[in-house]
Amino acid sequence: MPGGWRDLDYVVASPTVRRDAADLPNVLAAMNHSTPVAVFGTGADRIEIRRIQPSGAAR
């Protein structure tokens, strides 16, 4: 991914992805520049489908 997180359209944020994002700069940036479009479940066990906002919109 030469453009890093900007090369992504969506990220699936599972509990594991959210936990490990601190150690994965592209994943962390993708999470920080995305908004949820679908959420399955609640609380810490939820799964989020997040659309990347390349213009820099925050979560």
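The structure under discussion appears in the preceding block.
In short, a report on the structure. (Residues numbered from 1 in each chain as written. Predicted model: local features only at pLDDT ≥ 70, side-chain atom pairs only at ≥ 80, totals over all residues. Heavy atoms only, no water.)

Regarding the pairing of strand β2 (residues 34-40)
Sheet faces and side chains relate simply in a regular strand, where the side chains alternate between the two faces. The condition that has to hold: Only strands that DSSP links by at least two bridges are regarded as paired with each other. Starting at the N terminus, helices and strands are each numbered in turn, a helix being any DSSP run of H or I of at least four residues and a strand any DSSP run of E of at least two.
Bridge count for β2 against strand β3 (residues 47-52) is 6 bridges, and the pairing is antiparallel. Bridge pairing in β3 links S34 to I52. With antiparallel pairing between neighbouring strands as the criterion, β2 and β3 make up a hairpin whose turn holds 6 residues, including G41 at a positive phi of roughly 90°.

Concerning the side chain of E48
Threshold: The rule is simple: take the accessible area with a 1.4 Å probe, protein chains only, and divide by the maximum for that residue type; under 20% is buried, over 50% is exposed, in between is partly exposed. Any two residues having at least one pair of non-hydrogen atoms within 4.5 Å are treated as being in contact.
Note on placement: E48 falls in strand β3. In this structure E48 comes out as buried when scored by relative accessible area, which is 8%. Apart from residues no more than four positions distant in its own chain, E48 is found in contact with V11, V12, A13, R18, A38 and V39.

A short note on the sheet that holds strand β1 (residues 10-13)
Operational definition: In this analysis an axis means a line fitted to C-alpha atoms, helices contributing only their contacting stretch, and an angle means the value between N-to-C directions, from 0 to 180 degrees.
Read from one edge of the open sheet, 3 strands run β1-β3-β2, paired in antiparallel fashion. Only two strands of the sheet have a single partner each, and these edge strands are β1 and β2. Taking the axes of each pair of neighbouring strands and ignoring which way they run, one obtains an average angle of 25° across the sheet. Relative to β3, β1 is paired through 4 bridges, and the arrangement is antiparallel.

Here's the deal with the nonpolar core
Put simply, the test is: Among buried residues, the Ala, Val, Leu, Ile, Met, Phe, Trp, Tyr and Cys ones that are joined through side-chain atoms within 4.5 Å form a nonpolar core.
If you look at the biggest cluster of nonpolar residues, it comprises 7 residues: W5, V11, A13, A29, A30, M31 and I52. Mapped onto this core, the elements with two or more residues apiece are β1 and α2 (25-32). Beyond its immediate stretch of four places on either side in the chain, W5 contacts N26, A29, A30, H33, I52, Q53 and P54.

Details of the side chain of S14
Here S14 is to be found in the loop between β1 and α1 (15-20). Excluding residues within four positions of it along the chain, S14 makes contact with R46 and I47.

Remarks on α2
Those residues of α2 that sit buried are A29, A30 and M31. If you follow the buried residues of α2, they end up packed against β1, α1, β2 and β3.

A few points about the pattern of salt bridges
Heads up, the condition is: Criterion for a salt bridge: a side-chain nitrogen of Lys or Arg within 4 Å of a carboxyl oxygen of Asp or Glu.
The final tally for this structure, using the stated rule, is 3 salt bridges. In this structure, R19 engages D20 in a salt bridge whose closest nitrogen and oxygen atoms are separated by 2.9 Å. The partner of E48 in a salt bridge is R50, with the nearest N and O atoms 2.8 Å apart. Like E48, the residue R50 is buried in the burial classification. The network of salt bridges with shared partners includes R46, E48 and R50.

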